Amino acid sequence: MRKTDAMDNRMEISNHQVTVPKAKLSSGSVVEKYPVMLDDGRTIVFISDKSRESEIRLRYALKKL
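Just so it is clear, the model here is predicted, and its values are computed rather than measured.

Engineer: I'm lost on the overall build of the protein chain in this one. Help?
Structural biologist: Tallying secondary structure elements over the protein chain gives 3 helices and 2 strands in all. Across the protein chain, helices and strands are ordered from the amino to the carboxyl terminus as α-α-β-β-α. Out of the 65 residues in the protein chain, the part that is buried amounts to 8%. Long-range contacts, defined as pairs at least 24 residues apart, comprise 3% of the intrachain contacts of the protein chain with a sequence gap of at least 6. Split by element, the accessible area of the protein chain, about 6200 Å² in all, is 57% carbon and sulfur.

Shown next, in the form of structure tokens:
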């Protein structure tokens, strides 16, 4: 590879990394979420609102039927 080819290749748009928005980066994060253990600890669901824990447990139990 010639030196000029390396310089041209570096300038191509396909070689530039796209910046990812912070909201998208934190979408899989469990920071500030509460774990709810279901099915004797075999399933863990992370929820953002602690007051909905009983609702989540009930939904999970109904889905298993």
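Engineer: How should the pairing of strand E2 (residues 43-47) be read in this particular structure?
Structural biologist: Two faces, one strand: in a regular strand the side chains alternate between the faces of the sheet. Judged from the 5 bridges that link them, strand E1 (residues 34-38) and E2 form a sheet pairing that is antiparallel. Of the residues in E2, the one forming a bridge with Val36 is Val45. Hairpin remark: E1 followed by E2, antiparallel, with 4 residues in the connecting loop; positive phi at Asp39, about 60 degrees.

Engineer: I'm lost on the environment of Asp49 in this one. Help?
Structural biologist: With respect to the helices and strands, Asp49 occurs in the loop between E2 and helix H3 (53-64). Asp49 sits in the partly exposed class, given a relative accessible area of 37%. Through-space distance from the C-alpha of Asp49 to that of Glu32 is 9.5 Å; in sequence the pair is 17 residues apart. There is a polar contact of 2.8 Å between the side chain of Asp49 and the side chain of Ser51.

Cut-offs used in this document
- Residues numbered from 1 in each chain as written.
- Predicted model: local features only at pLDDT ≥ 70, side-chain atom pairs only at ≥ 80, totals over all residues.
- Heavy atoms only, no water.
- Helix = DSSP H or I, 4+ residues; strand = E, 2+ residues; numbered from the N terminus.
- Buried < 20%, exposed > 50% of the residue type's maximum accessible area, 1.4 Å probe, protein only.
- Contact = heavy atoms within 4.5 Å.
- Areas by Shrake-Rupley, 256 points an atom, 1.4 Å probe, with all protein chains shown as cover.
- Pairing = 2+ DSSP bridges.
- Polar contact = N/O pair within 3.5 Å; in protein donor to acceptor, adjacent residues only side chain to side chain.

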